[in-house]
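Descriptive analysis of the structure
As a plain string of letters, each chain reads:
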Amino acid sequence: AEHDAAYQAFEKKLPNMATVGVADVPWPPTHDVLGASPGSAGRKKALHKALLRWHPDKWAAVLAKVSKPEERQAMAELLQETTQLSLREKHRDST
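This text gives an overview of the structure that appears in the document.

Reading the values: the criteria
Residues numbered from 1 in each chain as written. Predicted model: local features only at pLDDT ≥ 70, side-chain atom pairs only at ≥ 80, totals over all residues. Heavy atoms only, no water. Salt bridge = Lys/Arg side-chain N within 4 Å of Asp/Glu carboxyl O. Helix = DSSP H or I, 4+ residues; strand = E, 2+ residues; numbered from the N terminus. Buried < 20%, exposed > 50% of the residue type's maximum accessible area, 1.4 Å probe, protein only. Arc of directions from axis to C-beta. Contact = heavy atoms within 4.5 Å. Axes fitted to C-alpha atoms, helices over the stretch in contact; angles between N-to-C directions. Left-handed = near helix turned anticlockwise from the far one by under 90°. Nonpolar A, V, L, I, M, F, W, Y, C, P; charged D, E, K, R; others polar.

1. A look at the pattern of salt bridges
Summed over all chains, the structure comprises three salt bridges. For Asp-4, the salt bridge identified is with Lys-49, shortest N-O distance 3.1 Å. A residue pair is termed long-range when its members are at least 10 positions apart, and Asp-4 in helix 1 (residues 2-13) and Lys-49 in helix 2 (residues 43-53) qualify at 45 residues. By relative accessible area, Lys-49 is classed as partly exposed at 36%. One connected set of salt bridges, linked through shared partners, spans Asp-4, Lys-49 and Arg-53.

In structure tokens:
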């Protein structure tokens, strides 16, 4: 819930941000990308939300706002890592 609020605040201010850095993005905790425990009622919805939220295509415009190349690379790596964690959770749930 706390992470969702931080992400929603980030999404609201993003259109007005001239530049974006890694520290500006409210990355999910690596131990809890979905924010829902296995077997919980809201897990499927949380998984869908995470996959949409961290989809690389959605982040192309954000990456364009990153002014430093090394920061852009770091953000791209974190985005890929977060997406991979979400996909692993999806695979784990489907087996």
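2. Things to note about helix 2
Taken as a whole, helix 2 has its buried residues at Arg-43, Ala-46, Leu-47, Ala-50 and Arg-53. The buried residues of helix 2 occupy one face: seen down the axis, they fall within an arc of 135 degrees. Seen from the buried face of helix 2, the exposed residues on the opposite side, beyond 90 degrees, are Lys-44, Lys-45, His-48 and Leu-52. Turning to helix 2, the residues buried within the fold contact helix 1, helix 3 (56-64) and helix 4 (69-94).

3. With respect to the packing of helix 2 against helix 4
Remark: helix 2 packs on helix 4, axes separated minimally by 10 Å, with the N-to-C direction vectors making an angle of 150 degrees. Every pair of crossing elements has a handedness; the one defined by helix 2 and helix 4 is left-handed. For the pair formed by helix 2 and helix 4, the contact residues are Arg-43, Leu-47, Ala-50 and Leu-51 on the first element and Ser-86, Leu-87, Glu-89, Lys-90 and Asp-93 on the second. Considered class by class, the residues forming the contact of helix 2 with helix 4 number four nonpolar, one polar and four charged.

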